[in-house]
Structure formats: C-alpha cells, structure tokens
Amino acid sequence: MVATLGSGGSGGSVYIMDMSTIDSATVSRNAHERIERVASFDRTVWTADCNSDGTQVVLGTNTGAGLLNLETGTLSWLYRCKSDILSQQFVHSVTNYFKCVHFNLVG
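Rules and cut-offs
Residues numbered from 1 in each chain as written. Predicted model: local features only at pLDDT ≥ 70, side-chain atom pairs only at ≥ 80, totals over all residues. Heavy atoms only, no water. Pairing = 2+ DSSP bridges. Helix = DSSP H or I, 4+ residues; strand = E, 2+ residues; numbered from the N terminus. Axes fitted to C-alpha atoms, helices over the stretch in contact; angles between N-to-C directions. pLDDT = per-residue confidence, 0-100. Core = buried A, V, L, I, M, F, W, Y, C linked by side-chain atoms within 4.5 Å. Buried < 20%, exposed > 50% of the residue type's maximum accessible area, 1.4 Å probe, protein only. Contact = heavy atoms within 4.5 Å. Phe/Tyr/Trp six-rings, centres within 6.5 Å; stacked < 30°, edge-to-face > 60°. Lys NZ or Arg CZ within 6 Å of the ring centre and 35° of its normal.

Novice: Please clarify how the pairing of strand β2 (residues 13-17) should be interpreted in this entry.
Specialist: Side-chain direction in a regular strand flips from residue to residue, so the side chains alternate between the two faces of the sheet. Judged from the three bridges that link them, strand β1 (residues 2-4) and β2 form a sheet pairing that is antiparallel. Bridge assignment links V2 to a residue of β2, and that residue is Y15.

Right, here's the structure in full:
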C-alpha cells in the first residue's frame, strides 16, 4: 500500500501493489504496471497504515481519520475534526483498534 499526500487543488490517493509475483530483479522495471489506485480524495492524506490482513487502511487527513476498505474503495469516517491527523496506526495486537494523534493550531 502506498499513499500520496496530494498538493494544491488535488487531494491524496491510496494505491496497492501485489508483490507476491514480483522478484527483486524486475521490481523497478515494471512496478508501474502493477500499481492500482484504490481511492482518491479531495483532502490531504497525511498518513496511512494497513491492517495486518491487508483489507483495510486507516488514513490520517486534514479533516479527520477514516477507514478505507481496500476491496471496495469505500471510506468510512472514524473521527471528523478540523484538526490535521498527522500520525496514526493500527495496533496489530488488538483487533480493530487504531490510535491517532491530531494537531490543532490555535491562532
């Protein structure tokens, strides 16, 4: 799983790549052929983490934290806020649990 930040008017995206059939000699030559975009967003994607079975990604964005289903491309919001979620991760020792840190500028 690879997540892009996005810039300017375009938001971030999440891509997946099947590494099961790639040997180390051909990774760089044909990697672009094996990358598939799962979802694109109209917001900045600051951080992303994939669960241990590779079916879900938790995203930290400039509008909160969301859970992306990699099979359907559906995003479910877990935490909506005006703060940027700059760090988050799945806790793999606990089923269906993640932690996040948000940043709030008060000015």
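Novice: How should the sheet that holds strand β7 (residues 75-80) be read in this particular structure?
Specialist: Whenever strands of a sheet pair, they do so through backbone hydrogen bonds, lying parallel or antiparallel. The strand order across the open sheet formed by four strands is β4-β5-β6-β7, and the pairing between neighbours is antiparallel. In this open sheet, the two strands that pair with only one neighbour each are β4 (45-50) and β7. Adjacent strand axes in the sheet meet at a mean angle of 20 degrees, parallel and antiparallel pairs treated alike. Both strand β6 (residues 64-69) and β7 contribute to a ladder of five bridges, which runs antiparallel. Residue pairing in the sheet places G66 in a bridge with W77 of β7.

Novice: Looking at this model, I keep getting lost on the confidence of the model for the chain. Mind explaining?
Specialist: Of all residues in the chain, 72% have pLDDT values of 70 or greater, and the mean over the chain is 80. Considering each helix and strand of the chain separately, the mean pLDDT is smallest for strand β9 (residues 98-103), with a value of 60, and largest for β6, with 91.

Novice: Please explain the nonpolar core as it appears in this structure.
Specialist: Grouped burial of nonpolar side chains is what soluble globular proteins tend to show. Counting residues in each nonpolar core, the largest one holds nine residues, listed as V14, V38, A39, F41, V45, V57, L59, L68 and L70. Within the residue set of this core, elements represented by two or more residues are β3 (35-40) and β5 (56-61). The residues touching F41, leaving out its near neighbours within four places in the chain, are G11, G12, V14, L59, L68 and L75.

Novice: Help me out: how do you make sense of the packing of aromatic side chains in this one?
Specialist: Within this structure, the stated rule accounts for zero aromatic pairs. Here the basic side chain of R80 rests over the ring of W77, its NZ or CZ set 4.3 Å away from the ring centre.

Novice: What's the story with the sheet that holds β3 in this structure? I'm lost.
Specialist: If you trace the three strands from one edge of the open sheet to the other, you get β1-β2-β3, paired in antiparallel fashion. In this open sheet, the two edge strands, each paired with only one partner strand, are β1 and β3. Strand-to-strand twist across the sheet, computed as the mean angle between neighbouring axes with direction ignored, equals 25 degrees. Where β2 meets β3, five bridges bridge the pair, whose relative direction is antiparallel.

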